Amino acid sequence: MGITDLISITTFCTHYKVPATFINDLQDYELIEIVVSDNVDYIEITQINEVEKMMRLHFDLNINLEGLDAVYNLLQRVENLQSEITTLNNKLRLYENL
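Below: a short report on this structure.

What counts, and where the lines are drawn
- Residues numbered from 1 in each chain as written.
- Predicted model: local features only at pLDDT ≥ 70, side-chain atom pairs only at ≥ 80, totals over all residues.
- Heavy atoms only, no water.
- Pairing = 2+ DSSP bridges.
- Helix = DSSP H or I, 4+ residues; strand = E, 2+ residues; numbered from the N terminus.
- Salt bridge = Lys/Arg side-chain N within 4 Å of Asp/Glu carboxyl O.
- Buried < 20%, exposed > 50% of the residue type's maximum accessible area, 1.4 Å probe, protein only.
- Axes fitted to C-alpha atoms, helices over the stretch in contact; angles between N-to-C directions.

Let's shift gears to the pairing of strand β3 (residues 40–44). Sheet topology places strand β1 (residues 6–8) next to β3; three bridges connect them, and they run antiparallel. Following the sheet pairing, serine 8 is matched in β3 by tyrosine 42. Adjacent in sequence and paired antiparallel, strand β2 (residues 34–37) and β3 are bridged by two residues, among which aspartate 38 carries a positive phi angle near 55 degrees.

So, about the pattern of salt bridges. If you walk through the whole model with that rule in mind, you get two salt bridges. A salt bridge links glutamate 50 to lysine 53; its shortest N-O distance comes to 3.6 Å. With glutamate 50 and lysine 53 both in helix α3 (residues 48–60) and three residues apart, the pair spans about one turn of that helix. Overall, glutamate 50 belongs to the partly exposed group, its relative accessible area being 22%. Exposure remark for lysine 53: the relative accessible area of 29% places this residue in the partly exposed category. Note that glutamate 79 and lysine 53 form a salt bridge whose closest N and O atoms lie 3.5 Å from each other.

What follows is about the sheet that holds β2. Within the open sheet, the three strands sit side by side as β1-β3-β2. Their pairing is antiparallel. The sheet is open, and its two edges are formed by β1 and β2, each paired on a single side. Strand after strand, the sheet turns through a mean of 45 degrees between neighbouring axes, direction not considered.

Before going further, it helps to spend a moment on unusual backbone geometry. In the Ramachandran plot, lysine 17 falls in the positive-phi region, its phi being about 55 degrees despite a non-glycine side chain. Tracing the backbone through its elements, the reader meets lysine 17 in the loop between α1 (9–16) and α2 (20–28). With a phi angle near 60 degrees, asparagine 39 is a residue other than glycine that sits in the positive phi range. By the element assignment, asparagine 39 lies in the loop between β2 and β3. By relative accessible area, asparagine 39 is classed as exposed at 78%.

Spatial relationships are all this shows, so hold off on functional conclusions.
Here it is, written out as structure tokens:
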């Protein structure tokens, strides 16, 4: 993973106008991973959509971090189950066509 795949937490927080402590709290709850390079904290660009979701849940809906952890994990489980249902439906269609 190169430095181009990362965004500094300072830049991210400035752009989205959120406190850096929020990002650190997300890491404490193991909702995101922070990468440290040259004494600068970064998040992966691939995590930005997920962090945006968590920001909306926390700041717009006033969900505390404990609730955010629970809600986010449940949303992940729902997405995984939906993916599994799609895979099983595709397999079922394959067998129906035989």
